[in-house]
Every structure is written in structure tokens, then in C-alpha cells.
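# Reading the structure
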Amino acid sequence: MQHAYQLGSGWYSEKTPGKRPRAQLGRLAAVKAYYSDHFVLPLPAGHRFPMHKYSLLRDRVREHLPAIELCEAPAARDGELALVHDPVYVTAVAEGLLSPAQQREIGFPWSPAMAERARRSVGGTIAAARTALREGVSAQLAGGTHHAYAGKGSGFCVFNDVAVAARLMQAEWHRLKPGALLRVLVIDLDVHQGNGTASIFARDDTVYTLSLHGARNFPFRKEPSDLDVELPDGCEDQAYLQALDGALEQVWAAHAGAWPGLAFFVAGADPHEGDRLGRLKLTREGLAERDRRVLNACGQRGIAVAVSMAGGYGHEIARTVDVHQQTLAECLRHWQAVEHRAGRSSQAGAY
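Residues numbered from 1 in each chain as written. Predicted model: local features only at pLDDT ≥ 70, side-chain atom pairs only at ≥ 80, totals over all residues. Heavy atoms only, no water.

## Remarks on the overall build of the chain
- Scanning the chain from N- to C-terminus turns up 10 helices and 10 strands.
- Out of the 351 residues belonging to the chain, those deemed buried represent 60%.
- Residue pairs at least 24 apart in sequence account for 74% of intrachain contacts in the chain once pairs closer than 6 positions are excluded.
- Counting every atom, the chain has about 14,200 Å² of accessible surface; 51% of that belongs to carbon and sulfur. (Helix = DSSP H or I, 4+ residues; strand = E, 2+ residues; numbered from the N terminus. Buried < 20%, exposed > 50% of the residue type's maximum accessible area, 1.4 Å probe, protein only. Contact = heavy atoms within 4.5 Å. Areas by Shrake-Rupley, 256 points an atom, 1.4 Å probe, with all protein chains shown as cover.)

Right, here's the structure in full:
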């Protein structure tokens, strides 16, 4: 089975890696990354959720990664959310009808700002996925809300951004190419298992879910992904990267050469050794290597990648922002490599 994604006005296919219409060369000025930090979620004093890390990250990108184009995340619409979520639940979030128990499970008190931020978090991942299918890679500065189920939120997650974006991209792909199927891969490397995502796609063989996570960490009742890799407390760089390599080998073997067209990389910073909630011991260098291995593996197979920052709860929030910034720098390097290969291929084809 051939998979392709739109690149500029042409189609990039794994049968013709690196090929693109010559007129498209030079048109793409920067990696696009979507933000929504100015939609602030009001939280009580002492709340564990590090709301301010998102504005800090955007400031870092603006200052240190000027080749990344920052774009405001749009708000996901009700119809888009309903591709995954129970419409009754969507209405409850929109209209402030969540029960106290539902709000406690989510971990946020309801407010209009909470509902708007949840829509923007999903909208950012939708936008990043659309951009990735055009340009090879894109990112959003939040997202990774993988604990949200179809009918409820949980663990600081209101709606499941990756699930909604995956279903919407599949629908848009089918409209664009009737009869074609966009297969999706979720590479969830947040330290907490993506239980909501696993539940949503449990009976959907068009979406493959991989989760590499702490065995003894939240959620304590885990859902079966297509592939779960549980890591012990204190896991360090070498053991983690070996586990990641083995997991990716299993993913590629499961697809038998018929690669997915789109991957969602949930690039949590919370496996870092300085994270309050992570329980693993990865260094910044180990996490950079994690990101490179995922991006390179997808790039070698012509798979578009939408990257979300996901969790990160450092004792020093600046260290969490360091890790997220590093992930975005790796996205930029990956994009530059894709652009370079495309340019060299086009020049060679001119002779």
C-alpha cells in the first residue's frame, strides 16, 4: 500500500522520496508551530498544573528559534470534537454543565476560559497535522491531552487533541482522495500512558497506538494500546533508548512496509530527571536523542509528523521549558534536512 502526503501543491510519496515539483522549492520559509498560551486557564493558588510554562516556551522560541514561525492556534469546532467525543460531553464543557466529580477528574475547575483553552489545544494539533501533511513536520506548543476519553476528561485533559486531529485528517484525506485511507501512528512518549487515546482507538485498525511510559505512574488503571512499553522507576538514558528502538522496530514490523501517512509524536518533557511527577531519570541529552530517533525514523519512511509538547512538571519550570525548546529545535533540524533532501533531489533531476 502506498502512502503519500501533500507537500506544497504536489504530493510527496514514499515511492519517490525527496521528489517535489521544482516550483515549490524555496516556498516554505519556516517550520510552523501553533500556540494558545494567551488563552489562560484561571487556576487556584498552589495548583500543580504549570500554566505559565506555555508563555515561557513561546518567548523562548521567539528569542532563540527565529526560524520557527509562530501561529495562533484556532479553536476546534463542535463538529470536529464530535468526531471523537460524545456530543453530550462536548455540550457540558461548552455550557458549564460538568458535575463537580467530572471537574475533579479533569483536575481543572470549569470556567469559560477553561472551555476555550480546551478548544484551542485541540485546534492547535489539528492545525499542526494539516501543516505536517503539506510540509512534512509541524508542532504545537501545548497539546498531548491523551488522558481524555470519548465521554469524559481526566488528568488535566479536557478533550483528546490527537484523537480528534487523527479522525479529522482521515476524513479530510478521504474527501480529497475518495477511496484512499490515511493510516495514522501515535508515538506517545509522555511519561504517563495515553489511556484515553488507547481507549478511543481500541477497535480502530487504521490508527496504531504506541505508548512508552512509567509502569508505576498515572494512570493507575491503564488501557491497552497496540503496543505498550512499561518502564521502571529510575529508568535512565541508555535503557530508555534501547526500549524505544525496540518499540519502533515492532511498529515498523507491524506495518510490513505499508507505512502510515501521518504520525503524532507526543513528546512529553516529563521523563526528565528533574520532573516532579515523572519518576524516570532521563537527561536533556537523552531526551534530545529520543526526539532525533523518532523524527529520523519517520523521515526515512516519508511519514509526516505533527509534534505536541505534552506533559512537563519540573521542580524548576525553566528546566521543563529547556526540554520543550530542545524538542522544537530538533523539529527544526528535521525540517531543514527534509528541505535539503528535496532541494538536492530536484537539482539532480534537472540534469
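## Topic: the packing of aromatic side chains
- As enumerated under the stated definition, the model contains 8 aromatic pairs in all.
- Pairing Phe49 with Phe156 gives two aromatic rings, centres 5.2 Å apart and planes at 65 degrees, and the pair type is edge-to-face. Of the two residues, Phe49 sits in the loop between strand S3 (31–35) and helix H1 (53–64) while Phe156 sits in the loop between strand S5 (137–140) and helix H6 (161–176), which places them 107 residues apart along the sequence. Note on accessibility: Phe49 and Phe156 belong to one class, buried.
- Each ring, one from Phe156 and one from Tyr313, has its centre 6.4 Å from the other, and the planes form 45 degrees; the classification is tilted. On the criterion of sequence distance, the pair formed by Phe156 in the loop between S5 and H6 and Tyr313 in the loop between strand S10 (304–308) and helix H10 (317–349) is long-range, its members being 157 residues apart.
- A relative accessible area of 9% places Tyr313 in the buried class.
- Among the aromatic residues, those joined into a cluster by ring pairs are Phe49, Tyr54, Phe108, Phe156 and Tyr313.
- Across from the ring centre of Trp259, 5.1 Å away, lies the NZ or CZ of Arg301, which sits over that ring. (Phe/Tyr/Trp six-rings, centres within 6.5 Å; stacked < 30°, edge-to-face > 60°. Lys NZ or Arg CZ within 6 Å of the ring centre and 35° of its normal.)

## What to know about the packing of helix H5 (residues 112–135) against H6
- Their axes nearest at 9 Å, the elements H5 and H6 cross at an angle of 40 degrees. With respect to their mutual orientation, H5 and H6 come out oblique. Considering only the axes of H5 and H6, their crossing is right-handed. Along its contact with H5, which presents Ser121, Val122, Thr125, Ile126, Ala129, Arg130 and Leu133, the element H6 presents Asp161, Val162, Val164, Ala165, Leu168, Met169, Glu172 and Trp173.
- Looking at side-chain class alone, the contact of H5 with H6 contains 10 nonpolar, 2 polar and 3 charged residues. (Axes fitted to C-alpha atoms, helices over the stretch in contact; angles between N-to-C directions. Parallel < 35°, antiparallel > 145°, perpendicular 65-115°, else oblique. Left-handed = near helix turned anticlockwise from the far one by under 90°. Nonpolar A, V, L, I, M, F, W, Y, C, P; charged D, E, K, R; others polar.)

## Things to note about the sheet that holds S3
- The 8 strands lie next to each other as S4-S3-S5-S10-S9-S6-S7-S8, forming an open sheet whose pairing is parallel. This sheet does not close on itself; its edge strands, each paired only once, are strand S4 (68–72) and strand S8 (227–231). Strand-to-strand twist in this sheet, taken as the mean axis angle between neighbours without regard to direction, amounts to 15 degrees.
- Judged from the 2 bridges that link them, S3 and S5 form a sheet pairing that is parallel. Bridge pairing in S5 places Ala33 opposite Ala139.
- Sheet strands touched by helix H8 (residues 237–255): strand S6 (184–188), strand S7 (207–214) and S8. Its angle to S7, the strand with the most contacts, is close to 165 degrees. (Pairing = 2+ DSSP bridges.)

## Some details on the pattern of salt bridges
- What the rule picks out here adds up to 23 salt bridges.
- In this structure, Asp204 and Arg167 form a salt bridge, with 3.7 Å as the shortest nitrogen-oxygen distance. Highlighted residues: Asp204 in the loop between helix H7 (195–200) and S7 and Arg167 in helix H6, separated in sequence by 37 residues.
- For Asp204, a relative accessible area of 16% puts it in the buried group.
- Classification of Arg167 as partly exposed rests on a relative accessible area of 24%. (Salt bridge = Lys/Arg side-chain N within 4 Å of Asp/Glu carboxyl O.)

## With respect to the layout of surface pockets
- By volume, the largest pocket amounts to about 510 Å³.
- Around the largest pocket, the lining is made up of 31 residues, and of these His147, Gly155, Phe156, Phe218 and Tyr313 lie nearest the centre.
- Among the residues making up the lining of the largest pocket, the classes are represented as 11 nonpolar, 12 polar and 8 charged. (1 Å grid on protein atoms, 1.4 Å probe; cavity = no way out; pocket = protein on both sides within 12 Å on 5 of 7 lines; lining within 4 Å. Points joined across faces, edges and corners; volume = space filled by probe spheres on them.)

## Regarding the packing of H8 against helix H9 (residues 284–300)
- Their axes nearest at 10 Å, the elements H8 and H9 cross at an angle of 15 degrees. Relative to H9, H8 is oriented roughly parallel. The handedness of the crossing between H8 and H9 is right-handed. Residue-level contacts link Asp237, Tyr240, Leu241, Leu244, Asp245, Leu248 and Trp252 of H8 to Gly286, Glu289, Arg290, Arg293, Val294, Ala297 and Cys298 of H9.

## Section: H8
- With 19 residues, H8 should cover 27 Å at 1.5 Å per step; its first-to-last C-alpha distance of 27 Å lies within 8% of that length.
- All of the buried residues along H8 are Asp237, Tyr240, Leu241, Ala243, Leu244, Ala247, Leu248, Val251, Trp252 and His255.
- On its buried face, H8 is in contact with S6, S7, S8 and H9. (Expected span 1.5 Å × (residues − 1).)

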